[in-house]
Protein chains: 2
Amino acid sequence: MAQKPSIPKGTRDFSPAEMMRRTYIFDTIKSVFRTYGFAPLETPSMENLSTLLGKYGDEGDKLLFKILNSGDYAAGLDDEQVRQASKICEKGLRYDLTVPFARYVVQHQNEISFPFKRYQVQPVWRADRPQKGRYREFYQCDVDVIGSRSLLNEVELIEIVERVFAKLKINVTLKMNNRKILYGIAEAIGHADKMMDITVAIDKLEKIGLDNVKAELAERGLEAEAIAKLQPILELCGTNAEKLAKLREVIGCSETGVKGIEEMEEIFGYVEKLGLQLPIELDLSLARGLNYYTGAIFEVKAMDYAIGSICGGGRYDDLTGIFGLPNTSGVGISFGADRIYDVMTGLDLFPEEVNFSTKVIFVNLGEEEQLASLKIIRTLRDKGVAAEIYPEAAKMKKQMEYANRRQIPYVVIIGSNELAERKATVKNMRSGEQCVVDFDAVATVIE
Amino acid sequence: MAQKPSIPKGTRDFSPAEMMRRTYIFDTIKSVFRTYGFAPLETPSMENLSTLLGKYGDEGDKLLFKILNSGDYAAGLDDEQVRQASKICEKGLRYDLTVPFARYVVQHQNEISFPFKRYQVQPVWRADRPQKGRYREFYQCDVDVIGSRSLLNEVELIEIVERVFAKLKINVTLKMNNRKILYGIAEAIGHADKMMDITVAIDKLEKIGLDNVKAELAERGLEAEAIAKLQPILELCGTNAEKLAKLREVIGCSETGVKGIEEMEEIFGYVEKLGLQLPIELDLSLARGLNYYTGAIFEVKAMDYAIGSICGGGRYDDLTGIFGLPNTSGVGISFGADRIYDVMTGLDLFPEEVNFSTKVIFVNLGEEEQLASLKIIRTLRDKGVAAEIYPEAAKMKKQMEYANRRQIPYVVIIGSNELAERKATVKNMRSGEQCVVDFDAVATVIE
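Residues numbered from 1 in each chain as written. Chains lettered and ligands numbered in written order. Predicted model: local features only at pLDDT ≥ 70, side-chain atom pairs only at ≥ 80, totals over all residues. Heavy atoms only, no water.

Thoughts on the relation of the copies chain A and chain B
One copy of the chain maps onto the second through a rotation around an axis plus a translation along that axis.
Piece 1. With an RMSD of 0.1 Å, the operation that places chain A on chain B is a rotation of 180° combined with a shift of 0.0 Å along the axis. Expressed as a symmetry operation, the mapping of one chain copy onto the other fits a two-fold axis. For chain A, the residue whose C-alpha comes nearest the rotation axis is Ile67 of chain A, separated from it by 2.3 Å.
Piece 2. Taken as a fraction of all interface residues of chain A, those also at the interface in chain B reach 100%, which identifies the copy contact as same-surface. (Least-squares fit on C-alpha atoms with pLDDT ≥ 70 in both. Contact = heavy atoms within 4.5 Å.)

Section: the pairing of strand E6 (residues 137-146) of chain B
All names here are of chain B.
Piece 1. Most of E6 sits out of view: 10 of its 10 residues are buried.
Piece 2. Of the pairings in the sheet, the one linking strand E5 (residues 116-125) to E6 comprises 10 bridges and is antiparallel in character. Among the inter-strand pairings, Gln120 is bridged to a residue of E6, identified as Asp142. (Buried < 20%, exposed > 50% of the residue type's maximum accessible area, 1.4 Å probe, protein only. Helix = DSSP H or I, 4+ residues; strand = E, 2+ residues; numbered from the N terminus. Pairing = 2+ DSSP bridges.)

Examining the interface of chain A and chain B
Piece 1. Facing the 106 residues of chain A at the interface are 107 residues of chain B.
Piece 2. Carbon and sulfur atoms make up 53% of the area that chain A and chain B hide from each other, which totals about 8800 Å².
Piece 3. Three residues, Arg83, Arg378 and Arg381 of chain A, lead the burial of chain A against chain B; their summed loss comes to 8% of the area buried on that side.
Piece 4. Joining chain A to chain B, the criterion identifies 16 salt bridges.
Piece 5. Taken together, the links from chain A to chain B amount to 58 residue pairs in polar contact (both at pLDDT 80 or more).
Piece 6. Residue classes in the side of chain A that touches chain B are distributed as 50 nonpolar, 26 polar and 30 charged. (Buried area = accessible area lost by both parts, 1.4 Å probe. Salt bridge = Lys/Arg side-chain N within 4 Å of Asp/Glu carboxyl O. Polar contact = N/O pair within 3.5 Å; in protein donor to acceptor, adjacent residues only side chain to side chain. Nonpolar A, V, L, I, M, F, W, Y, C, P; charged D, E, K, R; others polar.)

Structural notes on the side chain of Ser373 of chain B
Piece 1. Relative to the helices and strands, Ser373 of chain B resides in helix H15 (residues 367-382).
Piece 2. With residues near it in sequence (within four places) discarded, Ser373 of chain B still touches Phe362, Val363, Ile389 and Ile414 of chain B.

A look at unusual backbone geometry
Piece 1. The residue after Phe114 of chain A, namely Pro115 of chain A, is reached through a cis peptide bond having omega -5°.
Piece 2. Within the element layout of this structure, Pro115 of chain A appears in the loop between helix H6 (98-107) and strand E5 (116-125).
Piece 3. Unlike most non-glycine residues, Lys169 of chain B shows phi in positive territory, near 65°.
Piece 4. Tracing the chain through its elements places Lys169 of chain B in the loop between helix H7 (152-168) and strand E7 (172-178).
Piece 5. Taking relative accessible area as the criterion, Lys169 of chain B reaches 60% and is therefore assigned exposed.
Piece 6. Of note, the phi angle at Asn327 of chain B is positive, near 60°, even though the residue is not glycine.

As for the side chain of Lys175 of chain A
All names here are of chain A.
Piece 1. Following the sequence through the fold, Lys175 ends up in strand E7 (residues 172-178).
Piece 2. Only 3.5 Å separates the side chain of Lys175 from the side chain of Asp283, close enough to count as a polar contact.
Piece 3. Not counting residues up to four positions away in its chain, the partners in contact with Lys175 are Glu281, Asp283, Leu286, Ile297, Phe298, Glu299 and Lys301.

Here's the deal with the packing of aromatic side chains
Residues and elements named next belong to chain A.
Piece 1. According to the stated counting rule, one finds 24 aromatic pairs over all chains in the structure shown.
Piece 2. Seen in terms of ring centroids, Tyr104 and Phe116 are 6.3 Å apart; in terms of plane orientation they differ by 25°. Their pairing is stacked. Taken as a pair, Tyr104 in helix H6 and Phe116 in strand E5 lie far apart in primary sequence, 12 residues in all. The pair formed by Tyr104 and Phe116 is uniform in burial state, with each residue classed as buried.
Piece 3. Its end group placed over the ring of Phe101, Arg118 keeps NZ or CZ at 3.8 Å from the ring centre. (Phe/Tyr/Trp six-rings, centres within 6.5 Å; stacked < 30°, edge-to-face > 60°. Lys NZ or Arg CZ within 6 Å of the ring centre and 35° of its normal.)

Digging into the sheet that holds strand E8 (residues 280-282) of chain A
Residues and elements named next belong to chain A.
Piece 1. If you trace the eight strands from one edge of the open sheet to the other, you get E1-E5-E6-E11-E10-E9-E7-E8, paired in mixed fashion. The open sheet has two edge strands, strand E1 (39-40) and E8, and neither has a second partner.
Piece 2. As judged from the seven bridges shared by E7 and strand E9 (residues 296-302), these two strands associate in the antiparallel manner. Among the inter-strand pairings, Leu174 is bridged to a residue of E9, identified as Val300.

Considerations on the pairing of strand E15 (residues 423-428) of chain A
Successive residues of a regular strand alternate their side chains across the two faces of the sheet.
Residues and elements named next belong to chain A.
Piece 1. Where strand E14 (residues 410-413) meets E15, four bridges bridge the pair, whose relative direction is antiparallel. Bridging across to E15, Val412 finds its partner in Val426.
Piece 2. Where E15 lies against strand E16 (residues 434-438), five bridges are found, and the strand directions are antiparallel. Considered in E16, the bridge of Lys423 is made with Asp438.
Piece 3. The hairpin formed by E15 and E16 contains five residues between the paired strands, and Gly432 there has a positive phi angle of roughly 85°.

Examining the pattern of salt bridges
Piece 1. A complete count under the given rule lists 61 salt bridges over all chains for this structure.
Piece 2. For Glu216 of chain A, the salt bridge is made with Arg220 of chain A, and the minimal N-O distance between the two is 3.0 Å.
Piece 3. Here Arg220 of chain A falls in the partly exposed class, since its relative accessible area comes to 28%.
Piece 4. Of the charged contacts, one joins Arg103 of chain B and Glu47 of chain B as a salt bridge, the two residues approaching to 2.7 Å between their closest N and O atoms. Of this pair, Arg103 of chain B sits in helix H6 (residues 98-107) while Glu47 of chain B sits in strand E2 (residues 46-48), and the two are 56 residues apart along the sequence.
Piece 5. Look at Glu47 of chain B and you get buried, because its relative accessible area is 0%.
Piece 6. Among the charged side chains, a salt-bridge network with shared partners connects Lys117, Glu156, Glu159 and Glu162 of chain A together with Arg378, Arg381, Glu388 and Arg406 of chain B.

So yeah, pure geometry; function would need other evidence.
Spelled out as structure tokens, the structure:
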């Protein structure tokens, strides 16, 4: 019985053309991670629900995909119990890479050499309502170092951002903030309790303007005096050093705030001394994952393409506490592969060689010619050149169309004339040019 | 509340040490696939249960991991319905890569250029009882070409087997059989209906001996005359060509059988003309997935390590029929990554560079030294060398222990003396040797 095949909503097939582009992105990112001494880690797709539940808020709990217990899941349960997911499901699909990483670190703490530098590139699943750009299965691409408070780790991550996007040829700006500075601002104006409100309001500055931000702050319960104190911060401009100097004037009374400023000064100091080219901007409106990060916060934006952040992260001081290992500070960032894919597609940044899986195809013109072709193909493959022969002696037109559709850049033709002279005709499918060379020389004309 | 963290039974965390080895295997296999013009494909982890159910037999259906519908899965269902998995689950986790591949080919048949050469390396999930070497989540590593009946495809897969295991340095034998020959044998002795029984009996020859096999065949309903006809086949020996010649004498009356012999002769002919070094053995007892394969059958065994088959596959003529696309022949093989891992670990075949994620670590001796180190590290990373600095100026002993535990082969020391002279001490941690070189020359002493 034939079924009309389809896939679950919010999921995707990745065709060879898409996969070659995605693989290029992942391979580039991973190769940079490795250059910095980060090692790969993989955790299971399924975690116990006890590991996942309560880690992503009430909303997150609802978005977990739960796996029905295998065997007779309803055996021994009364009707009411069968209606409770907690009774019939013990496992759920990974919702992000962070919680499984924390679980891994705690579970394997005695085998790990800290500081532990790991990267992890795996899919995650969320039962979100599918919509444009939001999928129920997508890859995350995380890099973290855990077990070190040194700001050199932040600097290393900044270098990774610089190197990854330089390799991908995407112009980016790195926006940075620091949770301690945000707390310092709130504390300095006498509203340590309102850090979140203040940050949310600052975040709207560009969109709604200074006066409206002030009105919103008043609405959120800040008195005029506090708002007046905030004014210099809302008007902050200049270089990062100038911003930090101005900030120090305003929030110097907050010990935490000063600590945050010093952290940023140290980080920016290294960036300058090492001669990094990446544009970095201190952006006080950056509030990414605020209830989670405790120090530096990162966010990367593409400069030539309008899309949200394509990479982000920060310093956290208690990732593993929930699993019983307190005081283990770490810092990490995550690359958004889907958005990077969109930017690179939109700006046509993929290199030519990502467009084809085969570099050269030999036309199949019969048994004798085929054997000669296969022998040359073997030597090409020895050199790492992706080569193949059309598997049947089909019509020339059909074979050329196949080469075209697959965007194969070179076609080699060995007919009976060529065979007699041990020569091959090599056609460059981009330029249309062709030349005749000795069997041995085929490799040399394929750039 | 601290929980004792754990993972679901039958699943695994892959530590960096394991991941580096696994990555080496996968990267090697994929690089060979690409050399043959195969392109990557990925399908979603979840498929509709309607896609999966009924494809793996009753036992397989039971082993599917089912995903609870998101939202209020029990809403509007009576108690009896809630007890039926089919009412509360619409999706299941991928059980293998073959059915999703067939689904993909049918769903996207108008976008695909046939013959379609794809490889796919993704995890699959089975609710099997966990036991040694059997996991509930494991990777499959498939390569198939679909839409071509040419035996060159079989030859190409044989070349892939040769090249992959040569690269991995595993000595293997490729065992081959052909479903048409098995049918021909059954037909020739007048028992076309008993192909499976005959194959199962032949399979036991080595274990139980000729007499017992004959007894078993009699038990399975073959009369003495038929068993006598089978005798020459049970005693088949010699080269593949000799075996095929003998077979032709016995089963020449079966059209299908002769077709199978001719297929094998053509395949072995190419293998010889191309000068393949891989040992290939015609093995009539090979019955892998018999109700599924229609032509050549492959199985690869490691010669120096006792473990089951580490790679296998065959030709199928109706993979996509179940989804409404009949008569699409294909051939493929699948590499068993877990077993290959075990063989390589057992025989100590992993190359040295798979044992460490960082090639060189700089000891951190304070702020000035650190900056000089970071600048050298940047140039090493530019050259693709995995390099790092210990992120804090901790005690020398602690830093050296860290380098040791992570098996980092080179340690660079820049203390105040070295800094003054712009020299670095480079220590080879394997040999214990060390030398002092100019800052610029660090890269040159790290092989």
